[in-house]
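# Residue-level structure breakdown
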Amino acid sequence: MNTNRLKDRKKAEKENITTWKGDIKIFESEKRPISTYSVDQELAELEQIDWEKSKNVQNEPVKHAKKDYDMDDEVKYWSDYSNTKFNDRSYMLINQYDTATIESEPFDLFNYGTNVFSENSFMDDFEDNVRHYAEECDNIQGFQFFVDSFNGFGGMSCKALNSLSEEYPKLPLFSFLSFPFYDTQKFENNTLKLLNTALTIHGLLAEKSENIIVPLSMFNSFYLSKQLDPISLPNINFKPNLDYHTSAIIASLIDSITLPWRQRSQKSSMHDIIDLMDVYKYKVKITNK
């Protein structure tokens, strides 16, 4: 075929393409600032990697002076202070919702979570990821769930637990439910959180007998008090309206509870602990400390 004729044809096709001649508006969500602590941690890690690659034993890695960070003001999400590197199979993205649009499109209903998880692609990916880690275990004891029970993640957790119960019917499930501080400015939000929590607890309890549920909160009230009512802990000074503070205390409690089956010299299993907590066949352990 004549190459000149081919070029002429492509040129004619290109000229016939209709382009938009009107105004173009670009909508871009505001980028969330990265905390100073996270930036410094990333830089320190890169410097350590560069030093190890150089293999120069005569020079020590650069040591920076310790800095004071205003974590109370900077920390909004767990990623602002945790630089843990996760495997690609360790997390899944909810594409229908985004932190940039959380105000206009909140993920605040139990049913939102069940709908997201029920999508075939999401459910299949979840089961494949869990199966991948389960096959790497020499002796899998059970599953630990950390649940935001007051929003759409409560619905997702119920669906996820149902999937695990069908796939691993003989393994115990240990579920920790978290509750945020009471919002004294928006009472209707607290009512919604209470309904979501009730649906979440009902969904988790409906699955299997070996499912211990531990609701954890730093407050005396259960969304019902009309004022901020934090519990009092001796020798601990914390700000109850900051998740950064309350989550640290709760994390230390979870670390203590799960220690028996996480020790290298393992003397107790998840089955043993659940049997101790389930003496009278009540599957909910209520605690606020």
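Nothing here was measured: the structure is a model prediction, and the numbers come from that model.

### Considerations on the packing of helix α4 (residues 110-118) against helix α6 (residues 152-167)
At a minimum axis distance of 5 Å, the contact between α4 and α6 shows a crossing angle of 45°. In terms of axis orientation, α4 runs oblique to α6. In this structure, α4 meets α6 at a crossing whose hand is right-handed. Counted together, F110, G113, T114, V116, F117 and S118 of α4 and G152, G154, G155, M156, C158, K159 and A160 of α6 form the full contact between these two elements. Residue classes in the contact of α4 with α6 are distributed as 6 nonpolar, 6 polar and 1 charged.

### Describing the sheet that holds strand β3 (residues 211-216)
Read from one edge to the other, the open sheet built from 3 strands follows the order β1-β2-β3, with strand pairing classed as parallel. Bordering the open sheet on either side are β1 (143-148) and β3, each of which pairs with just one other strand. Geometrically, the sheet is characterised by an average inter-axis angle of 20° between neighbouring strands, direction not taken into account. Pairing analysis gives 6 bridges linking β1 to strand β2 (residues 173-178), with the strands arranged parallel. What sits directly across from D148, in β2, is S178. Most of the contacts of α6 go to β1, to which it runs at about 160°, and overall it touches β1, β2 and β3.

### Comments concerning unusual backbone geometry
Phi angles above zero are rare outside glycine, and N235 is one such case at about 70°. Structurally, N235 is set in the loop between β3 and α8 (243-257). The exposure class assigned to N235 is exposed, which follows from its relative accessible area of 84%.

### A word on a nonpolar patch on the surface
A cluster of nonpolar side chains, namely W78, Y81, F86, Y91 and L93, defines an oily patch on the protein surface of about 570 Å² accessible area. Look at F86 and you get partly exposed, because its relative accessible area is 45%.

### Some remarks on the pattern of salt bridges
The full count for this structure, using the stated rule, is 4 salt bridges. Residue D128 pairs with R131 through a salt bridge whose shortest N-O separation is 2.9 Å. Taken together, the residues D128 and R131, both in helix α5 (residues 120-136) and 3 residues apart, mark about one turn of the helix. On the accessibility criterion, D128 (38% relative accessible area) is partly exposed. You can call R131 partly exposed: its relative accessible area is 26%. One salt bridge in this structure joins R131 and E167, with 3.5 Å as the shortest N-O distance. Placement of R131 in helix α5 and of E167 in helix α6 is noted, with a sequence separation of 36 residues between them. One continuous salt-bridge network, built from bridges that share partners, spans D128, R131 and E167.

### Concerning the confidence of the model for the protein chain
Per-residue pLDDT for the protein chain has a mean of 77; in total, 74% of the residues score no lower than 70. The lowest-confidence element of the protein chain is helix α1 (residues 3-15), averaging 55 in pLDDT; the highest-confidence one is α4, averaging 91.

### A word on the environment of V130
Along the polypeptide, V130 turns up in helix α5. Remark: the alpha-carbon pair of V130 and L164, spanning 34 residues in sequence, is separated by 8.7 Å.

Rules used in this analysis
Residues numbered from 1 in each chain as written. Predicted model: local features only at pLDDT ≥ 70, side-chain atom pairs only at ≥ 80, totals over all residues. Heavy atoms only, no water. Axes fitted to C-alpha atoms, helices over the stretch in contact; angles between N-to-C directions. Helix = DSSP H or I, 4+ residues; strand = E, 2+ residues; numbered from the N terminus. Parallel < 35°, antiparallel > 145°, perpendicular 65-115°, else oblique. Left-handed = near helix turned anticlockwise from the far one by under 90°. Contact = heavy atoms within 4.5 Å. Nonpolar A, V, L, I, M, F, W, Y, C, P; charged D, E, K, R; others polar. Pairing = 2+ DSSP bridges. Buried < 20%, exposed > 50% of the residue type's maximum accessible area, 1.4 Å probe, protein only. Patch = residues over 30% accessible without salt bridge, like charges linked within 9 Å, V, L, I, M, F, W, Y side chains within 5 Å. Areas by Shrake-Rupley, 256 points an atom, 1.4 Å probe, with all protein chains shown as cover. Salt bridge = Lys/Arg side-chain N within 4 Å of Asp/Glu carboxyl O. pLDDT = per-residue confidence, 0-100.

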